[in-house]
Amino acid sequence: MAGMALTLRREDWWAMREHVAREAPYEACGMVAGREGQSAHVFPIPNELRSPTRYRMEPRAQLAAFEAMDEHGWELLAIYHSHPQGRAYPSAIDVAEAAYPVVYLIWAPVGDEWFCLGYWLEGGRIRPVPIRLQ
Ligand SMILES: [Zn+2]
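About the criteria used
Residues numbered from 1 in each chain as written. Predicted model: local features only at pLDDT ≥ 70, side-chain atom pairs only at ≥ 80, totals over all residues. Helix = DSSP H or I, 4+ residues; strand = E, 2+ residues; numbered from the N terminus. Rg over C-alpha atoms; globule rule 2.2 N^0.38 Å. Buried ≥ 20, exposed ≤ 12 C-beta atoms within 10 Å, placed from the backbone. Contact = placed C-beta atoms within 7 Å. Pairing = 2+ DSSP bridges. Core = buried A, V, L, I, M, F, W, Y, C linked by C-beta atoms within 7 Å. Expected span 1.5 Å × (residues − 1). Arc of directions from axis to C-beta.

Undergrad: In this structure, what is going on with the overall build of the protein? I would like to understand it.
TA: The helix and strand tally for the protein stands at three helices and eight strands. For the protein, the N- to C-terminal ordering of α and β elements is β-α-β-β-α-β-α-β-β-β-β. Over its C-alpha atoms the protein spans a radius of gyration of 13 Å, differing by no more than 12% from the 14 Å that the globule rule assigns to 134 residues. Its C-alpha atoms put the protein at 35 × 30 × 30 Å along the principal axes. Across the 134 residues that make up the protein, the buried fraction comes to 35%. A sequence separation of at least 24 residues applies to 61% of the contacts in the protein between residues at least 6 apart.

Undergrad: Please explain the pairing of strand β3 (residues 38–45) as it appears in this structure.
TA: Put simply, side chains in a regular strand alternate between the two faces of the sheet. Note that strand β2 (residues 29–35) and β3 share seven bridges and pair antiparallel. Its bridge partner lying in β3, G30 is registered against P44. The antiparallel hairpin formed by β2 and β3 contains two residues in its connecting segment, where E36 sits at a positive phi of about 50°.

Undergrad: Can you help me understand the pairing of β2 in this one?
TA: Taken across its seven residues, β2 has six buried, putting it largely inside the fold. Direction of pairing for β2 relative to strand β4 (residues 75–82): antiparallel, over a ladder of six bridges. If you follow M31 over to β4, its bridge partner there is I79.

Undergrad: Is there a simple way to think about the nonpolar core in this case?
TA: One broad trend across soluble globular proteins is that nonpolar side chains are buried collectively. One finds M16, A78, Y80, V103, Y104, L105 and W107 to be the most contacted residues of the largest nonpolar core, which totals 34 residues. Of all the secondary-structure elements, those providing two or more residues to this core are β1 (6–8), α1 (10–23), β2, β3, β4, β5 (103–110) and β6 (113–122). With five residues, β5 is the single largest residue contributor to this core. Discounting chain neighbours no more than four positions away, the residues touching Y80 are M16, C29, G30, V32, L105, W107 and C116.

Undergrad: Looking at this structure, how should I read α1?
TA: Residues separated by three or four positions in an α-helix point in the same direction, a consequence of the helix having 3.6 residues per turn. Compared with an ideal rise of 1.5 Å per residue, which puts 14 residues at 20 Å, α1 spans 20 Å between its outermost C-alpha atoms and is within 8% of the ideal. All of the buried residues along α1 are D12, W13, A15, M16, H19, V20 and E23. Buried residues of α1, viewed axially, fall in a sector of 160°; they line one side. Exposed residues on α1 whose side chains face more than 90 degrees from its buried face are R10, E11 and R22.

Quick look at the structure:
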(Lines give C-alpha, C1' and ligand atoms only; values in the text may rest on other atoms or scores of the structure.)
Protein backbone atom coordinates (compact mmCIF):
# COMPACT_ATOMS: atom_id res chain seq x y z
CA MET A 1 0.00 0.00 0.00
CA ALA A 2 2.89 2.38 0.66
CA GLY A 3 3.17 5.02 -2.01
CA MET A 4 -0.02 4.00 -3.77
CA ALA A 5 -2.84 6.38 -4.59
CA LEU A 6 -6.13 6.16 -2.76
CA THR A 7 -9.32 6.13 -4.81
CA LEU A 8 -12.43 7.38 -3.03
CA ARG A 9 -15.96 6.82 -4.22
CA ARG A 10 -17.71 10.19 -4.31
CA GLU A 11 -20.28 9.00 -1.78
CA ASP A 12 -17.45 8.10 0.63
CA TRP A 13 -15.86 11.52 0.12
CA TRP A 14 -19.25 13.13 0.87
CA ALA A 15 -19.84 10.92 3.93
CA MET A 16 -16.56 12.18 5.43
CA ARG A 17 -17.22 15.75 4.40
CA GLU A 18 -20.64 15.70 6.02
CA HIS A 19 -19.19 14.15 9.18
CA VAL A 20 -16.31 16.61 9.64
CA ALA A 21 -18.61 19.60 8.94
CA ARG A 22 -21.18 18.32 11.44
CA GLU A 23 -18.62 17.84 14.23
CA ALA A 24 -16.90 21.22 13.83
CA PRO A 25 -15.58 23.01 15.86
CA TYR A 26 -14.49 19.64 17.29
CA GLU A 27 -12.19 17.32 15.41
CA ALA A 28 -13.97 14.42 13.73
CA CYS A 29 -12.35 11.06 13.00
CA GLY A 30 -13.06 7.75 11.35
CA MET A 31 -11.88 5.03 9.02
CA VAL A 32 -12.13 4.26 5.30
CA ALA A 33 -12.41 0.61 4.28
CA GLY A 34 -12.15 -1.07 0.91
CA ARG A 35 -10.01 -3.23 -1.31
CA GLU A 36 -6.82 -2.59 -3.28
CA GLY A 37 -6.78 1.14 -2.72
CA GLN A 38 -10.45 1.60 -3.68
CA SER A 39 -12.86 2.74 -0.98
CA ALA A 40 -16.05 0.82 -0.28
CA HIS A 41 -17.29 2.28 3.01
CA VAL A 42 -16.68 5.03 5.58
CA PHE A 43 -16.93 4.39 9.30
CA PRO A 44 -17.34 7.61 11.30
CA ILE A 45 -15.97 7.01 14.82
CA PRO A 46 -16.72 9.23 17.83
CA ASN A 47 -13.80 11.40 18.97
CA GLU A 48 -13.64 10.46 22.63
CA LEU A 49 -11.51 13.54 23.40
CA ARG A 50 -14.23 15.88 22.03
CA SER A 51 -11.54 18.44 21.34
CA PRO A 52 -11.02 21.14 18.69
CA THR A 53 -7.34 20.20 18.42
CA ARG A 54 -7.01 16.47 19.22
CA TYR A 55 -8.73 13.22 18.41
CA ARG A 56 -8.77 9.68 19.70
CA MET A 57 -11.08 7.13 18.15
CA GLU A 58 -13.51 5.66 20.68
CA PRO A 59 -12.18 2.08 21.10
CA ARG A 60 -15.49 0.16 21.07
CA ALA A 61 -16.75 1.90 17.95
CA GLN A 62 -13.37 1.31 16.32
CA LEU A 63 -13.50 -2.39 17.18
CA ALA A 64 -17.04 -2.69 15.79
CA ALA A 65 -15.83 -1.08 12.56
CA PHE A 66 -12.92 -3.55 12.28
CA GLU A 67 -15.38 -6.43 12.80
CA ALA A 68 -17.64 -5.09 10.06
CA MET A 69 -14.62 -4.82 7.75
CA ASP A 70 -13.77 -8.48 8.41
CA GLU A 71 -17.34 -9.52 7.63
CA HIS A 72 -17.24 -7.71 4.28
CA GLY A 73 -13.72 -8.72 3.35
CA TRP A 74 -12.54 -5.11 3.45
CA GLU A 75 -9.22 -3.82 4.67
CA LEU A 76 -8.44 -0.57 6.43
CA LEU A 77 -7.31 1.83 3.70
CA ALA A 78 -7.29 5.18 5.47
CA ILE A 79 -7.83 6.98 8.74
CA TYR A 80 -9.37 10.41 8.49
CA HIS A 81 -9.69 13.31 10.86
CA SER A 82 -10.31 17.03 10.65
CA HIS A 83 -8.45 20.20 11.58
CA PRO A 84 -11.41 22.58 12.01
CA GLN A 85 -9.07 25.44 12.93
CA GLY A 86 -6.02 24.41 10.99
CA ARG A 87 -4.55 23.24 7.71
CA ALA A 88 -4.93 19.94 5.90
CA TYR A 89 -1.43 18.97 6.95
CA PRO A 90 -0.31 16.53 9.68
CA SER A 91 0.53 18.02 13.07
CA ALA A 92 3.60 16.88 14.99
CA ILE A 93 1.25 14.81 17.16
CA ASP A 94 -0.38 13.26 14.07
CA VAL A 95 3.05 12.15 12.87
CA ALA A 96 4.12 10.87 16.30
CA GLU A 97 0.87 8.95 16.90
CA ALA A 98 0.45 7.45 13.41
CA ALA A 99 0.13 3.75 14.23
CA TYR A 100 -1.25 2.19 11.05
CA PRO A 101 0.39 1.59 7.65
CA VAL A 102 -2.48 3.32 5.87
CA VAL A 103 -3.23 6.66 4.26
CA TYR A 104 -3.97 9.48 6.70
CA LEU A 105 -6.63 11.82 5.33
CA ILE A 106 -6.78 15.27 6.90
CA TRP A 107 -9.77 17.54 6.35
CA ALA A 108 -9.70 21.30 6.78
CA PRO A 109 -12.09 24.13 5.97
CA VAL A 110 -11.46 26.82 3.39
CA GLY A 111 -14.20 29.37 3.83
CA ASP A 112 -17.47 27.42 3.79
CA GLU A 113 -15.99 24.45 1.98
CA TRP A 114 -13.98 21.46 3.23
CA PHE A 115 -11.30 19.53 1.45
CA CYS A 116 -8.93 16.72 2.31
CA LEU A 117 -5.38 15.74 1.51
CA GLY A 118 -3.75 12.34 1.98
CA TYR A 119 -0.45 11.45 3.58
CA TRP A 120 1.64 8.42 4.34
CA LEU A 121 3.08 8.83 7.86
CA GLU A 122 5.86 6.46 8.73
CA GLY A 123 9.01 6.75 10.82
CA GLY A 124 8.40 10.45 11.46
CA ARG A 125 8.24 11.23 7.74
CA ILE A 126 5.35 12.87 5.86
CA ARG A 127 4.76 11.84 2.27
CA PRO A 128 1.79 13.13 0.22
CA VAL A 129 -0.48 10.46 -1.27
CA PRO A 130 -2.58 11.28 -4.37
CA ILE A 131 -6.33 11.06 -3.78
CA ARG A 132 -8.58 10.24 -6.72
CA LEU A 133 -12.33 10.66 -6.73
CA GLN A 134 -14.40 8.16 -8.60
ZN1 LIG B 1 -4.42 16.21 13.21
